Amino acid sequence: MFSLGSWLPALPGLAWGWALLDALLQGLVGACAISVLCSLLKVYLYIQCTNNPERQAEKEAIAAQRPLLEPLHVLVLTSVLALVGSRVAALVVLEFSLRAISTILSLGKGAHSSSQLYLLCQYSLGCGVSCGLSFLLEGAPHRSWNLALAAGLAGLLALHTRRLARHVCALYELHSRARYCGICILLLAAGHGIPRLLRNALALTFAVADLAAVELINRDFLSTGEAVRFWTPLTICYTLLVVYMQEESQQSTGRGLMFRTVVVRMGGLFILLLTVGRWTDILHVFVSLLGELWCLLCSGVLLESCWRQ
């Protein structure tokens, strides 16, 4: 027994169909990972606002129910992550890793909020999960079944964290005062540890994703010379981008800065791939730009709360 469609005749159309199915399942796992991240951050920020009487307006904005937005968010991200090729996804992961290291080094100076960094990594997290799955399952005889299982588990986790966020936004204040809800009592005692939990989970995810990204990029080169001609301008470009974004973040804040940063990052990647990439990479950069902008638009309320914090 091999892949999901191994018992069918070896037709080109069927092979393309199973490849598309695998891409959609990978995208779904990445979208569910983003959904889990946003739900946990929503819980954390809501609890922080509840403990501060001056942040009642923020609390109400976070608690506002958007029943159609969350499924649409997952659907759009699944489509975007399925369309983005592994090469561009790997470049997005490596770029965010450099940016995250630079940001973490500046956290001690009070330049950023860790919660804001977690929100800004949404699309990069989806690309990282996709890269990791591509690398770990490459050549696996049961690839489609493994992806289906991973998508099912990721969907269950995303569903439960979304329910947790709804429960907290609706009943946390009442239950934390009455002390009869186990979930709310646990969050009352240990809710401040959510950022540490996310930090550890994201560090592990991006460690695996970085290794997978380097391997996915290097497998396209036939010689060391080709690899050097690609990695040298890439390193220079990413270093200049990180320096530019650090200077911008010190001079201004707000949603406008976030959108400018996304455009500059994707513009730099676009120019780089015009020189050393393929035409499909150019298309995938535009898809990645849409994914980044979509994540920022959907998490606007949470980003506002981070800035005010």
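Residues numbered from 1 in each chain as written. Predicted model: local features only at pLDDT ≥ 70, side-chain atom pairs only at ≥ 80, totals over all residues. Heavy atoms only, no water.

A. Here's a closer look at the overall build of the chain. When helices and strands are tallied, the chain shows 13 helices and zero strands. Taking all 309 residues of the chain together, 47% fall into the buried category. Of all intrachain contacts in the chain linking residues separated by at least 6 positions in sequence, the fraction that spans at least 24 positions is 78%. With the model as given, the accessible surface of the chain reaches about 15400 Å², and the carbon-plus-sulfur share is 68%. (Helix = DSSP H or I, 4+ residues; strand = E, 2+ residues; numbered from the N terminus. Buried < 20%, exposed > 50% of the residue type's maximum accessible area, 1.4 Å probe, protein only. Contact = heavy atoms within 4.5 Å. Areas by Shrake-Rupley, 256 points an atom, 1.4 Å probe, with all protein chains shown as cover.)

B. Up close: the packing of aromatic side chains. In the structure shown here, the tally under the stated rule is two aromatic pairs. Taking the centre distance of 5.0 Å and the plane angle of 35° together, the rings of F96 and F206 count as tilted. With F96 in helix 4 (residues 86-107) and F206 in helix 9 (residues 194-218), this pair connects stretches of sequence that are 110 residues apart. For F206, a relative accessible area of 8% gives the class buried. (Phe/Tyr/Trp six-rings, centres within 6.5 Å; stacked < 30°, edge-to-face > 60°.)

C. Focus on the side chain of S144. Tracing the sequence through the fold places S144 in helix 7 (residues 143-178). At 2.8 Å, the side chain of S144 forms a polar contact with the side chain of D22. (Polar contact = N/O pair within 3.5 Å; in protein donor to acceptor, adjacent residues only side chain to side chain.)

D. Focus on the packing of helix 3 (residues 69-83) against helix 6 (residues 122-136). Viewed as axis vectors pointing N to C, helix 3 and helix 6 meet at an angle of 55°, and their least axial separation amounts to 11 Å. Taken as axis vectors, helix 3 and helix 6 run oblique relative to one another. By crossing handedness, the relation of helix 3 to helix 6 is classed as right-handed. Where helix 3 abuts helix 6, its residues H73, V80 and L81 lie against Q122, Y123, G126 and C127. When grouped by side-chain class, the residues that make up the contact of helix 3 with helix 6 number four nonpolar, three polar and no charged. (Axes fitted to C-alpha atoms, helices over the stretch in contact; angles between N-to-C directions. Parallel < 35°, antiparallel > 145°, perpendicular 65-115°, else oblique. Left-handed = near helix turned anticlockwise from the far one by under 90°. Nonpolar A, V, L, I, M, F, W, Y, C, P; charged D, E, K, R; others polar.)

E. Up close: a nonpolar patch on the surface. Residues F135, L136, L204 and V208 make up a contiguous nonpolar surface patch of roughly 370 Å² in combined accessible area. Among the secondary structure elements, those contributing two or more residues to the nonpolar patch are helix 6 and helix 9. Secondary-structure assignment places L136 in helix 6. Given a relative accessible area of 58%, L136 falls into the exposed group. (Patch = residues over 30% accessible without salt bridge, like charges linked within 9 Å, V, L, I, M, F, W, Y side chains within 5 Å. Salt bridge = Lys/Arg side-chain N within 4 Å of Asp/Glu carboxyl O.)

F. Structural context of empty space enclosed by the protein. Under the criterion given, the structure shown has one cavity of 30 Å³ or more. Roughly 60 Å³ of volume is contained in the largest cavity. Looking at the largest cavity, the residues that line it are L91, V92, E95, Y238, L241, R265, M266 and L269. Listed by contribution, the elements that provide at least two residues to the lining of the largest cavity are helix 4, helix 10 (224-251) and helix 11 (255-276). (1 Å grid on protein atoms, 1.4 Å probe; cavity = no way out; pocket = protein on both sides within 12 Å on 5 of 7 lines; lining within 4 Å. Points joined across faces, edges and corners; volume = space filled by probe spheres on them.)

G. Quick look at the state of the cysteines. This structure, assessed with the given rule, holds zero disulfides. In this structure C127 is not part of a disulfide, and its nearest cysteine sulfur, from C131, lies 6.5 Å away. Exposure remark for C131: the relative accessible area of 1% places this residue in the buried category. (Disulfide = S-S within 2.5 Å.)

H. Broad picture of the UniProt feature "transmembrane region" (unreviewed entry) in the chain. Within this numbering scheme, the UniProt entry marks residues 68-84, 228-245, 257-276 and 282-303 as carrying the feature "transmembrane region" (unreviewed entry). Structurally, residues 68-84 is divided into 88% helix and 0% strand, and its ends, taken at the C-alpha atoms, are 25 Å apart. In the segment residues 257-276, helix accounts for 100% and strand for 0%; the C-alpha atoms at its two ends are 29 Å apart. (UniProt positions renumbered as here; feature names shortened; annotations may be inferred.)

I. Geometry of the environment of V92. For V92, the location among the structural elements is in helix 4. Given the relative accessible area of 2%, V92 is considered buried. Between the C-alpha atom of V92 and that of Y123, which follows or precedes it by 31 residues, the distance is 8.7 Å. When residues no more than four places from it in sequence are discounted, the contact partners of V92 are Y123, S124, C127, Y238, M266, L269, S288 and E292.

J. Layout of the pattern of salt bridges. For the structure shown, the criterion picks out seven salt bridges. Note that R166 is salt-bridged to E70, the shortest N-O span being 3.3 Å. Of this pair, R166 sits in helix 7 while E70 sits in helix 3, and the two are 96 residues apart along the sequence. Classification of R166 by relative accessible area gives partly exposed; the value is 35%. Note that R265 is salt-bridged to E292, the shortest N-O span being 2.7 Å. Residue R265 is found in helix 11, and its partner E292 is found in helix 12 (residues 279-298); the two are separated by 27 residues along the sequence. Overall, E292 belongs to the buried group, its relative accessible area being 3%. Salt bridges linked by common partners bring E95, R99, R265 and E292 together as one network.

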